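Residue-level structure breakdown
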Amino acid sequence: MENDWININHIISKHVNPHLLQGGFGFEKENVRVDLQGNLAQTPHPQVFGNKREHPYITTDFSESQIELITPVRNSVEEALGFLETLHDEVSIKLDNELLWPQSAPPKLPCLDEDIPIAKFDAEGADMEQYRVYLSKNYGRKKQLLSGVHFNVSFDEQVLKHMYDSTEGCTYSYGTFREQVYLKTLRNFKRYRWFLIALLGNSPVVHRSYVNECVNLLPQLQDDAFHLKYAGSMRNSMCGYRNKENLCLNYNTFEGYHQSINKAIDDGLISQAKENYASIRLKSLDEGKTISHLEVRLLDLNPFIKTGVDIHHARIIHQFLLYCLIKPEANVFDEAIQTIAYANHEKAASFILDDGVHLMNDNNEAVLLQDALINMFNEIEETTGDLLNDRYRSSFNVLKELVHNKESRPAVVMLKELKADNFISWNLKKAKQYLDKSAEKTYNFYGLEDMELSTQLLLRDALVRGVGIDIMDRSENFVRLSKGDNTQYVMQATRTSLDNYASVLLMENKVMTKKVLESAGISTPPGKEYTDVKLALSAYDFYLNKPVVIKPKSTNFGLGISILKDNRDKAMFERAVHMAFDHDNTILIEQFVSGREYRMFIINDELVGILHRVPANVVGDGTSTISQLIDAKNLDPLRGKGYKTPLEKIAKGEAEAMFLETQGLGFDSVPSDGQSVFLRENSNISTGGDSIDFTDEVHESYKQVAVKAARALNVKVTGLDMMIDDISVPASGDNYSIIEMNFNPAIHIHCHPFKGQNRRLNAKMLDALGF
């Protein structure tokens, strides 16, 4: 095996390049649920999250009160942490008068072990529950409530294959090479894990209700908190949750690892393979045949971060893993080396604040911990520095600060703050602060903020329901949703298998929409279609002094539409015609219909939401120009571009300029104080309008007309725009008109209106799709 190590080192050394940063990333995070006083919650796992055994993202760890959040594999640390943050937010806001405890060390625990509830499962999960009973007897329930973060990392398969294929003379298979890549990384990680524990450890204190045999040995920090004098991570220390004996396993081959695990089971050291509570573990997705990824288990929850995971620390761990892959091994990883590594681990966890503590280096020499940290940092920089992109470089600068400035280390910072407050109070303040943050933005799916907001909202609700999420084409907002036997492909949240192609084409073609609705006896605006620019321009005289709407035959999001309330300016009419033809070779010129416009959303013949949309507008202050007022209104964080926020920024384009001209205004005009100025006649949210929910105010008869229109086009999902004179008066042939039916209506405007109730159309879309 020693020759194999040398050959693998030789292969890896020739391929040290930025491609090594590619890989798969995922997180598993535990948080204890607490009541508003900081006591361990005694309530069952929330029903809103469904069956904990079946849910792929939200389950429980040891205790019924211990939430575990699991992300799927993602292609970047950023996206994996974004998924975790979205999970964290959704769980936080759905708890009933409870909080997620932000700390690895448990909250206020019951005096008796048996008052800590073990996670309960259905009949098919009986073995899972029985295993927890075994753990409670073997380790005690209080230690099981130490919570942390598991960081799952795999190397990119294509990169590894390229390494192997471009090397001549290999005497072993790709499978053997791949296996040794993971094993070598793991062996070096176990040798040098003290480095991460010393710098990132973040559980220096335990509450007085923690395990008696631990608390009774510790000095008191506060009236409710105890702290081993120099410790930075109690969770990784002798007071933490670990195997009763240090397991020295065979990490030379995967087969050897299995044999040593089986021997530990036979010797009664552990009951099964997953009871190996090492700081890093080999993981397999094919029943132990091959290694799928490495699971790094030493990271404490970081109570200074809402999710408990600092993105810089995650990148530091990833860079450290690459260092472990690249660095040639100093010696055979035998039991003696593992024992030294274990001792270094213990010192890093328990004595990080002791300037005089020594570690043993590769030459079996005692080195001051701070000197060892600096030496290791320099090696990491020399070995992996050229791999780093800008994001990883910024995280490396954080690592540099952690190494050279002890005061910047999270455990040190936490200790300082805890000396000024008690343990429960300090953590409760953090938990409540993070709950408020989670509730601030309930529309983004973190890590996917570049996708349309409606898609993000759909994915957020899918996540809570335990629906599998695959991003198929990110730029097109094309996703695959799956659960059990149900698989659905969805584009932009509302383009689904529910609708047939012909129906979509009918909605896309405004002329055809108009003809089909009229044949069904549904009112539409009078008008005419034009395919010839000259003929359309010559129609000015027909519409002189009449309010008109000029729009492309096929359009969405209000593009190319002009509304001329007082058609007296021929030049403006001509500009509107040309603008419409810019978007299509056929346009419609229609009589402008009086009334207010309402967007009606229909799913499966049911009207599920109605909005009145107010056109883009600003309110004067007597001193600012219209342009300045637009800029100020656009500073609202709810406004953005590209449908990624509930409201869109107001543009300063040709359409806005034209509409201002009809009012005798321009962008440089200064409205009087309190004067409302509209920038658009059309009220699309996509052009800067405001949304107001009217679902419960509109007369039932208009809802029936809307459903009838959807049926006429045989469409299951549509956003229908209707002009209504008076929403309290029943619909008749002359007091309403359907001006448009949209094949890809946004749902976010109904979920987060400018004013009014969230109609949860994301949930209704998932219901319609069978989830």
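Notes on the structure in this doc start here. Just so it is clear, the model here is predicted, and its values are computed rather than measured.

Some details on the sheet that holds strand E20 (residues 596-603)
Taking strand neighbours across the sheet as the criterion, the five strands line up as E26-E21-E20-E27-E28 in an open arrangement whose pairing is antiparallel. A strand with exactly one partner marks an edge of an open sheet, and here the two such strands are strand E26 (690-693) and strand E28 (736-742). Shown here is a sheet whose adjacent strand axes are inclined to one another by a mean of 30°, direction ignored. When strand E21 (residues 606-614) meets E26, the two strands line up antiparallel, connected through four bridges. Considered in E26, the bridge of His 612 is made with Ile 692.

Topic: the layout of surface pockets
In this approach the atoms are scanned with a rolling probe the size of a water molecule, which exposes any empty space left behind. For the second largest pocket, the calculated volume is near 440 Å³. Going through the elements one at a time, strand E17 (548-552), strand E19 (587-591), E20, E21, strand E27 (717-724) and E28 are the ones with two or more residues in the lining of the second largest pocket. Considering only residue class, the lining of the second largest pocket consists of 10 nonpolar, seven polar and 10 charged.

Focus: the sheet that holds strand E15 (residues 486-491)
Across the sheet, which stays open at both edges, the three strands sit in the order E13-E14-E15 with antiparallel pairing between neighbours. In this open sheet, the two edge strands, each paired with only one partner strand, are strand E13 (468-473) and E15. Taking the axes of each pair of neighbouring strands and ignoring which way they run, one obtains an average angle of 20° across the sheet. The sheet contact formed by strand E14 (residues 478-483) and E15 spans six bridges and is antiparallel. Residue Val 479 lies in a different strand from E15, and its bridge partner there is Val 490.

Brief notes about the environment of Asp 673
As for its placement among the helices and strands, Asp 673 is situated in the loop between helix H22 (654-662) and strand E25 (676-678). Under the relative-accessibility criterion, Asp 673 is labelled exposed at 64%. Note: C-alpha distance between Asp 673 and Val 357 (316 residues apart in sequence) is 70 Å. When sequence neighbours within four positions are dropped, the list of residues in contact with Asp 673 reads Gly 620, Asp 621 and Gly 622.

Concerning the pattern of salt bridges
Overall, the coordinates contain 53 salt bridges when judged by the stated rule. For Arg 480, the salt bridge goes to Asp 470, with nearest N and O atoms at 3.4 Å. Here Asp 470 lies in strand E13 and Arg 480 lies in strand E14, a separation of 10 residues in the sequence. A relative accessible area of 27% means that Arg 480 is categorised as partly exposed. Arg 759 is paired through a salt bridge with Asp 696; the nearest N and O atoms lie 2.9 Å apart. Taken as a pair, Arg 759 in the loop between helix H24 (748-751) and helix H25 (761-768) and Asp 696 in the loop between E26 and helix H23 (700-712) lie far apart in primary sequence, 63 residues in all. Residue class for Arg 759 comes out buried when judged on its relative accessible area of 11%. Since its relative accessible area comes to 55%, Asp 696 is described here as exposed. Salt bridges sharing common partners tie together Arg 53, Glu 54, Asp 122 and Glu 124.

Structural notes on the pairing of strand E3 (residues 66-70)
When you tally the buried positions in E3, you get four out of five residues, the bulk of the element. Of the strand pairs in this sheet, strand E1 (residues 23-35) and E3 are connected by five bridges, and their pairing is antiparallel. Its bridge partner being in E3, Val 32 is matched across the sheet by Gln 66. In this antiparallel pair of consecutive strands, strand E2 (residues 58-60) and E3, the connection spans five residues.

Quick notes on unusual backbone geometry
Phi angles above zero are rare outside glycine, and Ala 493 is one such case at about 75°. Residue placement: Ala 493 occurs in the loop between E15 and helix H17 (501-508). On the basis of relative accessible area, Ala 493 is assigned to the buried category, the value being 1%. The backbone phi angle of Asn 714 is positive, close to 55°, even though this residue is not glycine. Locating Asn 714 in the fold gives a position in the loop between H23 and E27. According to the relative accessible area criterion, Asn 714 is partly exposed, its value standing at 45%.

Conventions and cut-offs
Residues numbered from 1 in each chain as written. Predicted model: local features only at pLDDT ≥ 70, side-chain atom pairs only at ≥ 80, totals over all residues. Heavy atoms only, no water. Pairing = 2+ DSSP bridges. Helix = DSSP H or I, 4+ residues; strand = E, 2+ residues; numbered from the N terminus. Axes fitted to C-alpha atoms, helices over the stretch in contact; angles between N-to-C directions. 1 Å grid on protein atoms, 1.4 Å probe; cavity = no way out; pocket = protein on both sides within 12 Å on 5 of 7 lines; lining within 4 Å. Points joined across faces, edges and corners; volume = space filled by probe spheres on them. Nonpolar A, V, L, I, M, F, W, Y, C, P; charged D, E, K, R; others polar. Buried < 20%, exposed > 50% of the residue type's maximum accessible area, 1.4 Å probe, protein only. Contact = heavy atoms within 4.5 Å. Salt bridge = Lys/Arg side-chain N within 4 Å of Asp/Glu carboxyl O.

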